[in-house]
Amino acid sequence: KGMAPPQKILFPPEEICMEWQQRQRPGAGLFNLGNTCYINVILQCLTYTPPLANYLLSHDHSQLCHRQGFCMMCIMEAHVSKVLHSSANVIWPRAVVRDLKFIGEEFEPDTAGDAYEFLRCALEAMQRACLSESSDVDISFQTTTIIHQIFGGFLKSRVTCLRCQAVSDSYKAFLHVLLDIKAPSSLTTALEDFVTPKKLDGKYCLKCSKCEMKVTAFKRITVHRAPKVFTVCLERAADHTGKKISKIVEYPEYLDLRPYMSDTAGEPLLYSLYALVVHSGDTCLDGHFFCYTKASNGLWYKMDDESVNNCGIHAVLRQQAYLLFYAR
């Protein structure tokens with residue numbers, strides 16, 4: 001609605017399976033190869049993302065991949081298979097650390113990094129791998145890869161001129177959403193803030209195509225097309241100095257995305273929490289990352305590098321969460 005459909009589809013969305021194909025106890029923990037906790041948490045959260053794991057365990061990608069050298073999809077396929085099928089309690093994520101510079105130029109082995117930045121770069125590297133056979137630059141076509149079909153949605157930005165009431169809409173694809181938590185104390189209030197219209201005046205004035213001049217306007221962002229997996233980063237950096245917002249922001253086990261959609265009428269859009277990343281430390285520039293994931297057996301586990309320990313939902317919902325992963 002309001003958007004042109006893609007001319008060609010790379011991966012049919014109906015082939016995505018949201019339920020685990022195999023049910024088992026959790027897989028291996030991951031050795032810390034020196035400041036690699038930020039990598040380990042993202043690898044674990046992606047490993048326990050059911051639609052992604054189902055696809056990677058099918059080996060469909062590697063059977064058709066002709067890439068020479070680095071391919072993030074092939075690396076993830078081998079990694080997920082090793083974690084979930086290995087008889088070892090802990091494995092080395094060597095291939096990922098070895099190819100770190102191909103995932104993101106800012107990452108250095110033996111140097112601490114940020115989990116959200118690594119997630120962003122890992123998803124983009126997987127997206128590039130899915131597009132490697134195609135030189136097509138059509139944006140709508142690029143949003144039909146397996147990665148966009150799982151993690152991707154669209155945001156709608158509506159700008160209303162306060163002088164003539166003219167409305168202009170634009171759309172932007174997303175794989176994750178960054179939320180401001182300076183004021184909100186819960187995920188739902190942060191999402192309410194996100195979709196609340198913002199006034200654009202002074203130096204933020206926009207040129208109205210109808211008035212043909214700079215005007216005061218309202219801008220409202222809403223979720224226009226909901227993703228199958230909704231990934232949220234709670235922005236804990238207070239400013240550029242690395243000062244951290246350490247407060248607890250409440251988040252539910254089940255989330256209804258309907259109130260934050262462009263079209264708020266209709267059935268609830270229910271999501272279930274299946275993974276989260278926690279940052280412990282006084283500033284954003286140091287500290288440690290660990291995560292909680294829901295394994296295919298339906299039980300929650302705390303995953304802290306090498307250790308994988310069973311835990312209850314009450315412990316999961318009491319964390320100082322940094323990243324939240326919800327599945328439809």
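In the nomenclature of an unreviewed UniProt entry, the protein corresponds to UBP42 hydrolase from the organism Bombycilla garrulus.

A few points about empty space enclosed by the protein
In total, this model carries one cavity of 30 Å³ or more according to the counting rule given. Considering only enclosed or pocket space, the largest cavity measures out at about 50 Å³ in volume. W20, Q22, Q24, Y48, L57, L84 and S296 are the residues that line the largest cavity. Of the residues belonging to the lining of the largest cavity, the class tally is four nonpolar, three polar and no charged.

Re the packing of helix 1 (residues 37-47) against helix 7 (residues 115-130)
In the contact formed by helix 1 and helix 7, the axes pass within 9 Å of each other and the chain directions differ by 55°. As far as their axial angle goes, helix 7 and helix 1 are oblique. With respect to the hand of their crossing, helix 1 and helix 7 are arranged in right-handed fashion. Mapping the contact onto sequence places Y38, I39, V41, I42 and L46 in helix 1 and A115, F118, L119, L123 and M126 in helix 7. Residue composition of the contact of helix 1 with helix 7, by class: 10 nonpolar, no polar and no charged.

Description of the environment of I245
Along the chain, I245 falls in the loop between strand 10 (229-235) and strand 11 (254-256). Classification of I245 as buried rests on a relative accessible area of 13%. Along the backbone, I245 and H176 are 69 residues apart, and their C-alpha atoms lie at a distance of 20 Å. With residues up to four places along the chain from it excluded, the contact list for I245 reads I181, K182, E235, R236, A237 and A238.

Focus: the layout of surface pockets
As a volume, the largest pocket reaches approximately 560 Å³. As for the largest pocket, its lining consists of 23 residues, of which K172, A173, F174, L175 and H176 are closest to the centre. Looking at the lining of the largest pocket, the elements that each hand over two or more residues are helix 7, helix 8 (139-142), strand 3 (153-161), strand 4 (167-174) and strand 5 (177-180). The element that contributes the greatest number of residues to the lining of the largest pocket is strand 4, accounting for five residues. Split into classes, the residues belonging to the lining of the largest pocket amount to 11 nonpolar, seven polar and five charged.

Notes on the packing of aromatic side chains
What the rule picks out here adds up to 11 aromatic pairs. Residues Y38 and F107 carry aromatic rings whose centres are separated by 5.7 Å and whose planes lie at 35° to one another, so their mutual orientation is tilted. Note that Y38 is positioned in helix 1 and F107 in the loop between helix 6 (100-103) and helix 7, a separation of 69 residues in sequence. Residue Y38 shares its accessibility class with F107, and that shared class is buried. Taken together, the aromatic side chains of Y38, F107 and F118 make up a single cluster linked through ring pairs.

Basis of the calculations
Residues numbered from 1 in each chain as written. Predicted model: local features only at pLDDT ≥ 70, side-chain atom pairs only at ≥ 80, totals over all residues. Heavy atoms only, no water. 1 Å grid on protein atoms, 1.4 Å probe; cavity = no way out; pocket = protein on both sides within 12 Å on 5 of 7 lines; lining within 4 Å. Points joined across faces, edges and corners; volume = space filled by probe spheres on them. Nonpolar A, V, L, I, M, F, W, Y, C, P; charged D, E, K, R; others polar. Axes fitted to C-alpha atoms, helices over the stretch in contact; angles between N-to-C directions. Helix = DSSP H or I, 4+ residues; strand = E, 2+ residues; numbered from the N terminus. Parallel < 35°, antiparallel > 145°, perpendicular 65-115°, else oblique. Left-handed = near helix turned anticlockwise from the far one by under 90°. Contact = heavy atoms within 4.5 Å. Buried < 20%, exposed > 50% of the residue type's maximum accessible area, 1.4 Å probe, protein only. Phe/Tyr/Trp six-rings, centres within 6.5 Å; stacked < 30°, edge-to-face > 60°.

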